[in-house]
Amino acid sequence: MACKVGVGPGVEATAATLAGSGRLSHRTIQDLMRDLFGVRMALGTVPALLRRASEAIAPAVDEAREFVRWHEGVKNVDETTWYQRGRMAATRTGAGRSCGSRRRAR
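In this report, the structure presented in the accompanying data block is examined. The shown structure was predicted, so the numbers you read here are calculated from the model rather than taken from an experiment.

Some words on the overall build of the chain
So, step 1. Scanning the chain from terminus to terminus reveals three helices and three strands.
So, step 2. When the helices and strands of the chain are placed in sequence order, the string is α-α-α-β-β-β.
So, step 3. Taking all 106 residues of the chain together, the buried fraction comes to 21%.
So, step 4. A separation threshold of at least 6 residues defines the contact pool for the chain, and within that pool the share at least 24 residues apart is 27%.

Section: the environment of Ser25
So, step 1. Tracing the backbone shows Ser25 in the loop between helix H1 (9-20) and helix H2 (26-37).
So, step 2. We classify Ser25 as partly exposed; its relative accessible area is 37%.
So, step 3. For the pair Ser25 and Val46, spaced 21 residues apart in the sequence, the C-alpha separation amounts to 9.5 Å.

A word on helix H3 (residues 45-69)
So, step 1. Between its first and last C-alpha, H3 extends 35 Å over 25 residues, near the 36 Å set by a 1.5 Å rise per residue.
So, step 2. Ala58 marks where H3 bends most, by close to 45°; the proline Pro59 follows one to four residues later.
So, step 3. Every buried residue of H3 is accounted for by Thr45, Val46, Ala48, Leu49, Leu50, Arg52, Ala53 and Val68.

Comments concerning the pattern of salt bridges
So, step 1. Enumeration according to the criterion identifies three salt bridges in this entry.
So, step 2. Residue Arg52 pairs with Glu12 through a salt bridge whose shortest N-O separation is 2.4 Å. Placement of Arg52 in helix H3 and of Glu12 in helix H1 is noted, with a sequence separation of 40 residues between them.
So, step 3. Judged by its relative accessible area of 19%, Arg52 falls in the buried class.
So, step 4. The salt bridge involving Asp35 is made with Arg34; its shortest N-O contact spans 3.1 Å.
So, step 5. Accessibility expressed as a relative area gives 53% for Asp35, which makes it exposed.
So, step 6. Its relative accessible area of 30% is what places Arg34 among the partly exposed residues.

Procedures and definitions
Residues numbered from 1 in each chain as written. Predicted model: local features only at pLDDT ≥ 70, side-chain atom pairs only at ≥ 80, totals over all residues. Heavy atoms only, no water. Helix = DSSP H or I, 4+ residues; strand = E, 2+ residues; numbered from the N terminus. Buried < 20%, exposed > 50% of the residue type's maximum accessible area, 1.4 Å probe, protein only. Contact = heavy atoms within 4.5 Å. Expected span 1.5 Å × (residues − 1). Bend = angle between axes of the 7 residues up to and from the residue. Salt bridge = Lys/Arg side-chain N within 4 Å of Asp/Glu carboxyl O.

Here it is, written out as structure tokens:
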């Protein structure tokens, strides 16, 4: 089903960056888009934008995953931790590949 969101790729990319890199809530993204850029959108528009951005980068992500699969060894491994709902969560990545995420009790 096509996503019928009437904004351009710049707004879509900004929302995706705020959600992915900034880990901001949909409501905060909605507020920032209005306050910083004058772009008014319904709260339900944010997940639609994120879905559309995800679909747009899917081929590049698949290509990167395939590249990693064909190369042996993992270099530059990183584990990023944060607290989410009172529990520590972590994402492990290596050479551009998600090695999984985990949550552990405090």
